Amino acid sequence: MDLKDRLTELKAKALSEIDTVEDLKKINEIRVNLLGKKGPITEVLRGMKDLSKEERPVVGSLANKVRDELTEAITQRREKLEIIKTARKLEKEKIDVTLPGVPVKAGQPHIIMQVIDQLEKLFLGMGYQVVDGPEVEEDHYNFEMMNLPKDHPARDMQDTFYITEQILMRTQTSPVQARTMEKHDFTKGPLKMISPGKVYRRDTDDATHSHQFHQVEGLVIDKHITMADLKGTLQIIARTVFGDEREIRLRPSYFPFTEPSVEVDVSCFKCEGKGCAVCKHTGWIEVLGAGMVHPNVLTMAGVDSEIYGGFAFGLGPDRFAMLKYGVDDIREFYLNDVRFLSQFAQKG
Ligand code: FA5
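All residue numbers here refer to positions counted from 1 along the written sequence of the relevant chain. Note on the predicted model: pLDDT of at least 70 is required for a residue's local features to be given, and 80 or more for side-chain atom pairs to be given and counted; whole-chain, interface and lining totals, by contrast, use all residues. As a rule here, side-chain values cover all heavy atoms of the structure and leave hydrogens and water aside.

By the naming in an unreviewed UniProt entry, the protein is Phenylalanine--tRNA ligase alpha subunit, taken from Liquorilactobacillus mali. UniProt positions are given in the numbering used here, feature names are shortened, and annotations may be inferred rather than shown by experiment. Under the heading Catalytic activity (unreviewed entry), UniProt records this for the protein: "tRNA(Phe) + L-phenylalanine + ATP = L-phenylalanyl-tRNA(Phe) + AMP + diphosphate + H(+)". Under the UniProt heading Subcellular location (unreviewed entry), the entry covering the protein gives this text: "Cytoplasm".

In structure tokens, the structure reads:
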């Protein structure tokens, strides 16, 4: 068989092989076998040295043509096989959108944060500002500016974690009162603020005491503020947190930074004041401390106590949350047991 016939036969055989191959790996093998250095086309080209001068260019150009045609056929088949492979893969990975989904577990604010958020919303709505203060505080602000000089016996009521002689973990949010009053420009209007945050005391942990807990401080300073303003504000707090039917009761108390001072009770939300285990059969539950700001506190913060006066209160959202949700041990809030916390999913 002469070289031209061999090339024609070779081409026909190769094309049918290329057309029927189903595998991408195999098409690569075919390419190497046909067009490689040891392949039949290279062999034909090698045999050209034995041809006559006239035949050589004819066979040469035919061989090149066959090689180009086979290269093109291989490229096209490979592209086709790649498309088929992708289509098969997509078919396998098809998603059934009608299958039920796996529910994503959503988190929620901690129960104490829910109480704080509720109070923040309430007070922002009444034109108060929400102020932050440092948890690592100076003795100066935590006690001195709150009318509790060194050796004042009332310091004993707030057993303190001291860091140095002058620096401590704040025992109350009241120092934020002094910090805010110092900065406030009273020519621009009254001061109305709340300050929520963590406080620390060297209390022994038990069902109603934690060494770290939360407080929300409230302060209003203006001309002509009276105890009636305080009472109205406290009533709004009680009704917002514990329900519209709640009444409040003020009892005389003592805080060095307020005069007069009151302890605030709210009518029991469980028994409507009739007496039950929650209110220890008194019909009332003690919820916070409050009073009219002591003139010394105003003067120390640079506020003229002859012109300005106001009220302040400090409440414990941990105790609020315990009462509201019937939690009988404050330590539950700090154990981070999801089974406990997820009982209080926020609605809406
Ligand atoms: C104060 O800390 C005052 N600064 C509150 C105040 C502010 C009065 C402004 C007047 C004007 P008291 O020590 O009573 O007060 O604490 C306030 C609230 O914090 C308490 O009613 C209680 O709800 C909560 N509380 C106090 N000690 C603990 C504790 N160890 N664990 C959890 N809650 C506590």
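Caption draft 1: Examining the overall build of the protein more closely. Counting its secondary structure elements, the protein contains eleven helices and nine strands. Relative to the globule expectation of 20 Å for 348 residues, the C-alpha radius of gyration of the protein, 43 Å, shows a markedly less compact shape. In terms of overall dimensions, the protein has C-alpha extents of about 125 × 45 × 40 Å along its principal axes. Taken over 348 residues, the protein has a buried fraction of 42%. Expressed as a percentage of contacts within the protein between residues at least 6 apart in sequence, the contacts between residues at least 24 apart total 67%. Residues scored as positive are Lys and Arg, those scored as negative are Asp and Glu, and His as well as the terminal groups of each chain are ignored. Where a charge lies is defined by one atom per residue type, namely NZ (Lys), CZ (Arg), CG (Asp) and CD (Glu). Counting 49 positive and 55 negative side-chain charges, the protein places the centres of these two groups 10 Å from one another. Starting at the N terminus, helices and strands are each numbered in turn, a helix being any DSSP run of H or I of at least four residues and a strand any DSSP run of E of at least two. Radius of gyration here is computed from C-alpha atoms only, and the compact-globule reference equals 2.2 Å multiplied by the residue count raised to the power 0.38. Each residue is placed in one exposure class: buried if its accessible area under a 1.4 Å probe, protein chains only, is under 20% of its type's maximum, exposed if it is over 50%, and partly exposed if it falls in between. Every residue pair with non-hydrogen atoms within 4.5 Å of one another is taken to be in contact.

Caption draft 2: Just helix α7 (residues 175-183), in detail. Listed in full, the buried residues belonging to α7 are Pro175, Val176, Gln177, Ala178, Thr180 and Met181. Those residues of α7 that are buried lie in contact with β2 (136-138), α6 (139-142), β4 (191-200), β5 (212-222), α9 (295-300) and β9 (309-315).

Caption draft 3: Broad picture of the UniProt feature "binding site: Mg(2+)" (unreviewed entry) in the protein. The feature "binding site: Mg(2+)" (unreviewed entry), as annotated in UniProt, sits at Glu259 in this numbering. Take Glu259: its relative accessible area is 48%, and that puts it in the partly exposed class. Apart from residues no more than four positions distant in its own chain, Glu259 is found in contact with Met292 and His294.

Caption draft 4: Looking closely at the packing of aromatic side chains. Note on aromatic pairs: the rings of Phe, Tyr and Trp (six-membered ring only in Trp) are paired at centre separations within 6.5 Å, and the planes decide the class, stacked below 30 degrees, edge-to-face beyond 60, tilted for the rest. A full pass over the atoms with the stated rule returns eight aromatic pairs. A centroid spacing of 4.7 Å and a plane angle of 65° characterise the contact between Phe123 and Tyr128, whose relative ring orientation is edge-to-face. We classify Phe123 as buried; its relative accessible area is 1%. In this structure Tyr128 comes out as buried when scored by relative accessible area, which is 7%. To sit over a ring, a charge needs its Lys NZ or Arg CZ within 6 Å of the ring centre and within 35 degrees of the ring normal. Lying over the aromatic face of Tyr141, Arg179 brings its terminal NZ or CZ to 4.1 Å of the ring centre.

Caption draft 5: Examining the sheet that holds strand β8 (residues 284-293) more closely. DSSP calls a pair of strands paired once it identifies at least 2 bridges connecting them. If you walk across this open sheet you meet the seven strands as β1-β4-β5-β9-β8-β7-β6, and the pairing is mixed. Because the sheet does not close on itself, it has two edges, and the strands there are β1 (129-130) and β6 (248-255). Strand direction decides the pairing type here: β5 and β9, joined by seven bridges, are antiparallel. Bridge pairing in β9 links Asp222 to Gly309.

Caption draft 6: Molecular detail of the site of the ligand. Neighbouring the ligand are 24 residues, the closest being Gln172, Ser174, Arg201, Asp203 and Gln215. Whenever a nitrogen or oxygen atom comes within 3.5 Å of another N or O atom, the pair is scored as a polar contact, on the condition that within protein one atom can donate a hydrogen and the other can accept it, and that pairs from neighbouring residues in sequence are kept only if both atoms are in side chains. One of the side-chain N or O atoms of Ser174 is found 2.9 Å from a nitrogen atom in the ligand. In the model, an oxygen atom of the ligand is placed 2.9 Å from a nitrogen or oxygen of the Arg201 side chain. Working definition of accessibility: Shrake-Rupley area with a 1.4 Å probe, residue cover restricted to the visible protein chains. The fraction of the free accessible surface of the ligand (680 Å²) that becomes covered by protein chains is 92%. Secondary structure elements with two or more residues in the shell around the ligand: β5, β8 and β9. Of the residues assigned to the shell around the ligand, the class counts are eight nonpolar, twelve polar and four charged. If even one non-hydrogen atom of a residue comes within 4 Å of a molecule or strand, that residue is called near it. Nonpolar residues are Ala, Val, Leu, Ile, Met, Phe, Trp, Tyr, Cys and Pro. Charged residues are Asp, Glu, Lys and Arg, and all others, Gly as well, are polar.

Caption draft 7: Molecular detail of the packing of helix α3 (residues 40-47) against helix α4 (residues 55-92). As a packed pair, α3 and α4 sit with axes 10 Å apart at the nearest point and diverge in direction by 170°. The angle between α3 and α4 falls in the class roughly antiparallel. Taking contact as the criterion, the partners of Ile41, Val44 and Leu45 in α3 are, on α4, Val59, Ala63, Val66, Arg67 and Leu70. Split by residue class, the contact of α3 with α4 holds seven nonpolar, no polar and one charged. Throughout, an axis means a line fitted to C-alpha atoms (over the contacting stretch in the case of helices), and angles, computed between N-to-C directions, take values from 0 to 180 degrees. The labels follow the angle: roughly parallel below 35 degrees, roughly antiparallel above 145, roughly perpendicular from 65 to 115, and oblique for the rest.

Caption draft 8: Up close: the environment of Pro190. Among the secondary structure elements, Pro190 is positioned in the loop between α7 and β4. In sequence terms Pro190 and Tyr128 are 62 residues apart; their C-alpha atoms lie 10.0 Å from each other. Setting aside chain neighbours within four positions, we find Pro190 in contact with His184, Ile221 and Asp222.

Caption draft 9: Focus on the UniProt feature "domain: Aminoacyl-transfer RNA synthetases class-II family profile" (unreviewed entry) in the protein. Per the UniProt record, "domain: Aminoacyl-transfer RNA synthetases class-II family profile" (unreviewed entry) is found at residues 119-323. As a span, residues 119-323 carries 24% helix and 31% strand, and end to end its C-alpha atoms are 15 Å apart.

Caption draft 10: Seen up close, the nonpolar core. Residues belong to one nonpolar core when they are buried, are Ala, Val, Leu, Ile, Met, Phe, Trp, Tyr or Cys, and are joined through side-chain atoms within 4.5 Å. Leu234, Ile237, Val287, Leu288, Phe313, Phe320 and Phe333 are the most contacted members of the largest nonpolar core, which has 44 residues in total. For this core, the elements supplying multiple residues, two or more each, are α5 (111-125), β5, α8 (227-242), β7 (258-267), β8, β9, α10 (317-325) and α11 (338-341). When residues in this core are grouped by element, the largest group, seven residues, is from α5. Not counting residues up to four positions away in its chain, the partners in contact with Phe313 are Phe123, Ile194, Val216, Glu217, Gly218, Thr233, Leu234, Ile237, Leu288, Gly289 and Ala290.

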